[in-house]
Amino acid sequence: MGEVAVEVKLPGQIEPDVLALPVPEDGGGAAANGARILDERLQGRLQRLTQEGELRGELGKTLVLHTDGELKAHRVAAAGIGRIEDLDADALRTAAASVARATEEVGGTVAWLLDETLPLPLDEQARAVVEGIVLGSYRPGRWKTDAHEPRPVERIVLCAGDQAGLEEIGARSARVARWVNWARDLANSPPNELTPEGLAARAAELDLPSLRVEALDPKQIDELGMGALGAVGRASANGPRLIVLRYEPAQPARADLTLGLVGKAITFDAGGISIKPALKMEDMKGDMAGGAAVLAGTAAIAQLGLPVRVLTVLAAAENLVSGDSFRPGDILRAANGKTIEITNTDAEGRLVLADALWYARREGATHVLDIATLTGAMEFALGDLYGGMFANDDAWRDEILAAARRSGDHVWPFPLHRRFRKYVDSDYADLKNSSDLQQASPALAAEFLREFAGDGPWAHLDMSGPGFLERSRGDYLTQRGGTGYGVRLIVELATALVT
Ligand code: BES
Ligand code: MN
Ligand code: ZN
């Protein structure tokens, strides 16, 4: 899917390939809404389908009808949006994604009738519809040699009266959603293709205004004393990289603020010597999803030209097994000088983040958010919809929670508490990287990270559940694999920081 144009027009002004009409489940299906006028032109076909029980407005179900010249639109897609009292932005995203899928052999121009009678403001409808169409059109099978290519959606027309601002909101949503899909591509990329060096190359390809990209190689990582990142990456022939992006807009709205985004980018996590079981190990190619999110999020911020300084750091490494692996029992020295006893080489995420957090602070980040597929327990706790967040600062936590609520990347707060610190005490070193306590593993990881997060607001978002799907979520994310979770949240947060 290439660039998608977004326009606002009245239905009479366009000849779309598909005209989508939201149909609620309660209130007589297509009899509600502005649908009645449309249905008159269609000689009551929608009404009859409703009576026959074929059109019920069930969320995520789309019925496609050909028109026979009664309308300028070539097809009408009746998009179920579920019960009105349950309607939210996610429901509209789901309905829009369903339209995109039901008409994937058509593509071209998709028009959507925004509906003032729905309990969601028109600007939120516009955002959700555009996101749903772009995200719902994503296909993960890029590596199939005989793939049947669906026809891409090239233009989205939001049908509304004269609504200044909707077009800009729609166009912006399309851009951001394309970066979400870009992040999904990275997470779905096979680990033989997307090595730490390969990821650095993808970052270097970004050619956006005011954005500089560099990557530190294993030698530079050693020289800076990043003994934790260096150790994790050592077993692989594909050495680690610290990928750094600096977005310096000409006129930042807040001189005192640099948003620091830190991403875990383990391009494959075999667990190291503390090796993982074979079942589903292939999904550990997605252990760089946090890195993909901060990379794509930063790119989106730069493309939108948001007036906020951003410093982004990806800790990229492959956690493998070889004669040169780091071991349980090893004691590492991180860049901030703290020593870490390794008790489990599979708790590698907090190690690479430790050095990346230090680097982000050293380079001037004032407000830090790290995003990582850090613990399996967080996925057990929250499933595939929410990420869990820890923070050392209430205002920063609330800012991120508010941005998350608006963005569709759902976040739930978790407690950071000194109580958990003693479980990462080591008898030999300053800390150990995992505990034998069979409790609170996400909170222990957060407590570990706190030691490296430096001074100032910091939040840690554990996205193990929503970052990479084992199966369709049944909403607008219908595909297995990378979700691009975090990209929309980052853009929303950056926007909020300067408005
Ligand atoms: N990348 C994994 C966490 C993970 C597991 C993310 C499943 C998504 C799905 C991480 O590196 C890991 O292995 N964590 C261990 C930590 C433990 C050894 C303290 C875990 O959660 O089991
Ligand atoms: Mn691991
Ligand atoms: Zn991992």
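Chemist: Teacher, can you tell me more about the coordination of the manganese ion (ligand 2) here?
Modeler: Reference geometry at the metal: tetrahedral coordination by four donors gives ideal angles of 109.5 degrees; octahedral coordination by six donors gives 90 or 180 degrees. Listed as protein donors to the manganese ion (ligand 2) are D269 (OD), D346 (O), D346 (OD) and E348 (OE); their distances from the metal cover 2.1 to 2.2 Å. Here the manganese ion (ligand 2) is ringed by six donor atoms whose angles at the metal span 70 to 167 degrees, and the overall shape comes out irregular. As a motif over one chain, the donors of the manganese ion (ligand 2) read D-x76-D-x1-E. Distance-wise, the zinc ion (ligand 3) is placed 3.1 Å from the manganese ion (ligand 2), both being coordinated by D269. Given a relative accessible area of 0%, E348 falls into the buried group.

Chemist: I'm lost on the packing of helix α12 (residues 394-407) against helix α14 (residues 487-497) in this one. Help?
Modeler: Helix-helix packing is described using two parameters, namely the angle between the two axes and the distance between the axes. Where α12 meets α14, the closest approach of the two axes is 8 Å, and the angle between their N-to-C directions is 120 degrees. Classed by the angle they form, the pair α12 and α14 counts as oblique. Judged by the twist between their axes, the crossing of α12 over α14 is right-handed. For the pair formed by α12 and α14, the contact residues are W396, E399, I400, A403, A404, R406 and S407 on the first element and R488, L489, E492, L493, A496 and L497 on the second. Class assignment for the residues of the contact of α12 with α14 results in eight nonpolar, one polar and four charged.

Chemist: Honestly, the site of ligand 1 in this entry has me stumped. Any pointers?
Modeler: Contacts to ligand 1 come from 17 residues, most closely from K276, D287, D346, E348 and G376. A distance of 3.3 Å is found between a nitrogen atom of ligand 1 and a backbone nitrogen or oxygen belonging to L374. Within the complex, the protein chains bury 78% of what would otherwise be the 520 Å² of accessible surface of ligand 1. Sorting the residues of the shell around ligand 1 by element identifies β9 (258-269) and α11 (376-382) as the ones contributing at least two each. In terms of residue class, the shell around ligand 1 is built from three nonpolar, six polar and eight charged.

Chemist: Looking at this structure, I do not really get the environment of V368. What am I missing?
Modeler: Looking at the secondary structure, you find V368 in strand β13 (residues 367-372). When the C-alpha atoms of V368 and A391 are compared, they prove to be 9.7 Å apart, with 23 residues separating the residues in sequence. If near-sequence neighbours (up to four positions away) are discounted, V368 is found in contact with G260, V262, L357, R361, W396, P457, W458 and A459.

Chemist: Teacher, can you tell me more about the domain arrangement of the chain here?
Modeler: Reports of interface size often rely on the accessible area that becomes lost once the parts have come together. Segmentation of the chain into domains returns domain 1 (5-181) and domain 2 (195-497). Of note, the centres of domain 1 and domain 2, computed from C-alpha atoms alone, are 36 Å apart. Listed as interface residues are 17 residues of domain 1 and, on the opposing side, 25 residues of domain 2. Its largest share of buried area at the contact with domain 2, domain 1 owes to R172, W179 and V180, together 35% of the area lost on that side. The salt bridge involving R127 is made with E492; its shortest N-O contact spans 2.7 Å. The interface formed by domain 1 and domain 2 includes seven residue pairs in polar contact (both at pLDDT 80 or more). Going through the elements one at a time, α3 (89-102), α4 (122-136) and α5 (166-188) are the ones with two or more residues in the side of domain 1 that touches domain 2.

Chemist: I keep staring at α4 and nothing clicks. Help me out?
Modeler: An α-helical turn contains 3.6 residues, so any two residues separated by three or four positions project in the same direction. Between its terminal C-alpha atoms α4 stretches 20 Å, which fits the 21 Å expected from 15 residues at 1.5 Å a residue. For α4, the tally of buried residues reaches 12 of 15 residues, placing the bulk of the element in the interior. Listed in full, the buried residues belonging to α4 are L122, Q125, A126, A128, V129, V130, E131, G132, I133, V134, L135 and G136.

Chemist: Looking at this model, I keep getting lost on empty space enclosed by the protein. Mind explaining?
Modeler: Over the atoms a probe the size of a water molecule is rolled, and this reveals where empty space is left. Counting across every chain of the model gives two cavities of 30 Å³ or more. Every residue lining the largest cavity is counted, 13 residues in all, and those nearest its centre are D409, Y476, L477, Y485 and R488. Considered class by class, the residues forming the lining of the largest cavity number six nonpolar, four polar and three charged. When its volume is computed, the second largest cavity comes out at roughly 40 Å³. The wall of the second largest cavity is formed by A183, A187, A289, A292, A293, M463, G467, T483, G484 and Y485. Elements that contribute at least two residues to the lining of the second largest cavity include exactly α5 and α9 (289-304). Grouping the constituent residues of the lining of the second largest cavity by class yields seven nonpolar, three polar and no charged.

Chemist: Is there a simple way to explain the sheet that holds strand β12 (residues 339-341) in this structure?
Modeler: Strand pairing in a sheet is mediated by backbone hydrogen bonds. Such pairs are either parallel or antiparallel. With respect to topology, three strands assemble into an open sheet ordered β11-β12-β16, the strand pairing being mixed. A strand with exactly one partner marks an edge of an open sheet, and here the two such strands are β11 (331-333) and β16 (431-432). Strand direction decides the pairing type here: β11 and β12, joined by three bridges, are antiparallel. Bridge assignment links L332 to a residue of β12, and that residue is I340.

Chemist: Please explain unusual backbone geometry as it appears in this structure.
Modeler: With the exception of glycine, the majority of residues adopt a negative phi angle, and the majority of peptide bonds are in the trans configuration. Phi at K280 takes a positive value of approximately 65 degrees, unusual for a residue other than glycine. You can see K280 is positioned in the loop between β9 and α9. By relative accessible area, which is 37% here, K280 ends up partly exposed. Although it is not a glycine, A440 sits at a positive phi angle of roughly 50 degrees.

Procedures and definitions
- Residues numbered from 1 in each chain as written.
- Chains lettered and ligands numbered in written order.
- Predicted model: local features only at pLDDT ≥ 70, side-chain atom pairs only at ≥ 80, totals over all residues.
- Heavy atoms only, no water.
- Donors = N, O, S within 2.8 Å, 3.2 Å for Na, K, Ca; no water.
- Tetrahedral: all angles 85-135°; square planar, octahedral: opposite > 155°, others 65-115°.
- Buried < 20%, exposed > 50% of the residue type's maximum accessible area, 1.4 Å probe, protein only.
- Axes fitted to C-alpha atoms, helices over the stretch in contact; angles between N-to-C directions.
- Helix = DSSP H or I, 4+ residues; strand = E, 2+ residues; numbered from the N terminus.
- Parallel < 35°, antiparallel > 145°, perpendicular 65-115°, else oblique.
- Left-handed = near helix turned anticlockwise from the far one by under 90°.
- Contact = heavy atoms within 4.5 Å.
- Nonpolar A, V, L, I, M, F, W, Y, C, P; charged D, E, K, R; others polar.
- Near = heavy atom within 4 Å.
- Polar contact = N/O pair within 3.5 Å; in protein donor to acceptor, adjacent residues only side chain to side chain.
- Areas by Shrake-Rupley, 256 points an atom, 1.4 Å probe, with all protein chains shown as cover.
- Domains from an automatic or database assignment.
- Buried area = accessible area lost by both parts, 1.4 Å probe.
- Salt bridge = Lys/Arg side-chain N within 4 Å of Asp/Glu carboxyl O.
- Expected span 1.5 Å × (residues − 1).
- 1 Å grid on protein atoms, 1.4 Å probe; cavity = no way out; pocket = protein on both sides within 12 Å on 5 of 7 lines; lining within 4 Å.
- Points joined across faces, edges and corners; volume = space filled by probe spheres on them.
- Pairing = 2+ DSSP bridges.

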